[in-house]
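# Coordinate inspection notes
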Amino acid sequence: MKKVKSLVLAGLLAFAPALALNGPALAQDNAAVAAPAAGNESAAADSGANAAAPAAEAAPAAKVAAPTRMKPTEGIGMPRPGEITLQEQFSPTGRTGRWLHDVMLLPIITIISVFVLVLMLYVMVRFRRSANPVPSKTSHNTLIEVLWTVVPVVILLVIAVPSIGLLADQYKPAPKDAVTVKVTGYQWYWGYEYPDNGIPEFVSNLLPKDKAEANGEPYLLAPDNRLVLPVGRPIKLIITGADVIHAFAIPSLWVKMDAVPGRLNEKTFTIEKPGVYYGQCSELCGARHGFMPIAIEALPPAQFDQWILSQGGKPKGAADAAAQASAPAAAPAAKI
Ligand SMILES: [Cu+2]
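Residues numbered from 1 in each chain as written. Predicted model: local features only at pLDDT ≥ 70, side-chain atom pairs only at ≥ 80, totals over all residues.

## Observations regarding the pairing of strand β4 (residues 227-230)
Residues of β4 alternate between two faces, with L227 and L229 on one and V228 and P230 on the opposite face, all of them buried. As paired strands, β4 and strand β10 (residues 293-299) are joined by four bridges and run parallel to one another. Counterpart to V228 in the pairing with β10 is E297. (Buried ≥ 20, exposed ≤ 12 C-beta atoms within 10 Å, placed from the backbone. Helix = DSSP H or I, 4+ residues; strand = E, 2+ residues; numbered from the N terminus. Pairing = 2+ DSSP bridges.)

Right, dumping it as structure tokens:
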């Protein structure tokens, strides 16, 4: 009997992906017809936050009005023209990562490259055949051999210490009170769901050029519906793909994680400052790969809870959060 049961179960599991795939396929069709307007009503409320549209009209069911759509700050959370460095970072891991790259790796790489280049040029000129017709027969020099072994070992050790710390930081599991969002990559848009807050999945599509310009947002980086997250609270993204492999990437928050069908990848981070942080799909995923942008709108915790309520959701552990919120958000919030 047990065997029969497990056989039936196995059969159901085998068909589950096929059944599940129908959902996204339908959603994709809808999206193709009316891209920016697609998604559920609660999502529309968010997109309706475009300065002109009154929030109340967009979401008649919601009792709480959604916070006004935040204006991005030029050069923050987005690339700057002519920029060749990493973007300015707004998460603790991001700042460590950028420090490791800018202060340690880049200078060390530059010094070594220049040193080797100068050494080679010197040898080529100084010991060329005409200047040095009788070459030296020296084959060993203990001091130099010890030095060129020990010095690289020391350099590697110096790099290894912060590097391993950063690696561990990037994959640290999320604490229990983390704000959890399930992120799904579709061909070619993103879906966001807040399982702990009871907010069902809404989709996020490319904002058309005229709307982006009207809003003062960077075209191709701005979506209609943003992923709204709180400042100062740990965030856990559960990232997956519905059709092909995508990658969820926000350079200014040090976030990049593959969205693989059939797999749940996890990314934990904390945002330090309210703002709009842009990113893109970073895994070649098909024809419209370049047209599935990401924007995170980081709100102070109280406003985030207000947004959750406006979407018909429930803030999780609101009391704890308020206590936590006052400390980290107070200083940086003032700037925006
Ligand atoms: Cu993609």
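## Points about the nonpolar core
Grouped together as the largest cluster of nonpolar side chains are 50 residues, with contacts concentrated most on L229, L253 and I296. The greatest single-element share of this core, amounting to five residues, is contributed by β10. In this structure L253 touches F90, S91, G94, F269, I271, Y277 and I296, once residues within four positions along its chain are discounted. (Core = buried A, V, L, I, M, F, W, Y, C linked by C-beta atoms within 7 Å. Contact = placed C-beta atoms within 7 Å.)

## Examining the sheet that holds strand β7 (residues 255-259)
Taken in spatial order, the five strands make up an open sheet running β4-β10-β9-β6-β7, and their pairing is mixed. A strand with exactly one partner marks an edge of an open sheet, and here the two such strands are β4 and β7. Here the strands of the sheet are splayed against their neighbours by 25 degrees on average, with no regard to which way each runs. Bridge count for strand β6 (residues 246-250) against β7 is five bridges, and the pairing is antiparallel. Counted as the bridge partner of F248 is M257 from β7. Contacts between helix α7 (residues 301-310) and the sheet are confined to β4 and β10, with β4 contributing the most and set at about 135 degrees to the helix. (Axes fitted to C-alpha atoms, helices over the stretch in contact; angles between N-to-C directions.)

## Section: the pairing of strand β1 (residues 179-186)
Most of β1 sits inside the fold, with six of its eight residues counted as buried. For β1 and strand β2 (residues 189-194), the ladder comprises five bridges, and the chain directions are antiparallel. Across the sheet, T184 pairs through a bridge with G191, a residue of β2. Linkage of β1 to β2, two consecutive antiparallel strands, is achieved through a turn of two residues.

## So, helix α4 (residues 92-126)
A rise of 1.5 Å per residue sets the reference length of α4, with its 35 residues, at 51 Å; its end C-alpha atoms lie 50 Å apart and thus fit the reference within 8%. Along α4, the sharpest kink reaches roughly 35 degrees, centred on L105 and followed within four residues by the proline P107. Little of α4 is tucked away, with one of its 35 residues classed as buried. (Expected span 1.5 Å × (residues − 1). Bend = angle between axes of the 7 residues up to and from the residue.)

## Considerations on α7
The element α7 is largely enclosed, with a buried count of seven among its 10 residues. Every buried residue of α7 is listed here: P301, Q303, F304, D305, W307, I308 and S310. Of the residues trailing α7, G312 is marked for its positive phi of about 85 degrees.

## Quick word on the sheet that holds strand β3 (residues 199-204)
Strands pair in a sheet through their backbones, by hydrogen bonds, and they do so in one of two ways: parallel or antiparallel. Strands sit in the order β3-β2-β1-β5-β8 across an open sheet of five strands; the sheet is mixed. Every other strand in the sheet has two partners, leaving β3 and β8 (265-270) as the edge strands with one partner each. Averaged over all neighbouring strand pairs, the angle between strand axes comes to 25 degrees, with direction disregarded. Note that β1 and strand β5 (residues 234-241) share seven bridges and pair parallel. Its bridge partner being in β5, T184 is matched across the sheet by T240.

## Quick look at the packing of α4 against helix α5 (residues 142-170)
Viewed as axis vectors pointing N to C, α4 and α5 meet at an angle of 160 degrees, and their least axial separation amounts to 10 Å. With respect to α5, the element α4 is oriented roughly antiparallel. Handedness of the crossing formed by α4 with α5: left-handed. Touching T93, T96, G97, L100, M104 and I108 of α4 are I155, I159, P162, S163, L166, D169 and Q170, all from α5. When grouped by side-chain class, the residues that make up the contact of α4 with α5 number seven nonpolar, five polar and one charged. (Parallel < 35°, antiparallel > 145°, perpendicular 65-115°, else oblique. Left-handed = near helix turned anticlockwise from the far one by under 90°. Nonpolar A, V, L, I, M, F, W, Y, C, P; charged D, E, K, R; others polar.)

## Remarks on the environment of M70
When you line up the elements, M70 lands in the loop between α3 (55-58) and α4. Overall, M70 belongs to the partly exposed group, with 18 C-beta atoms counted inside 10 Å. Expressed as a C-alpha distance, the spacing of M70 and E297, which sit 227 residues apart in the sequence, is 7.2 Å. When residues no more than four places from it in sequence are discounted, the contact partners of M70 are V276 and E297.

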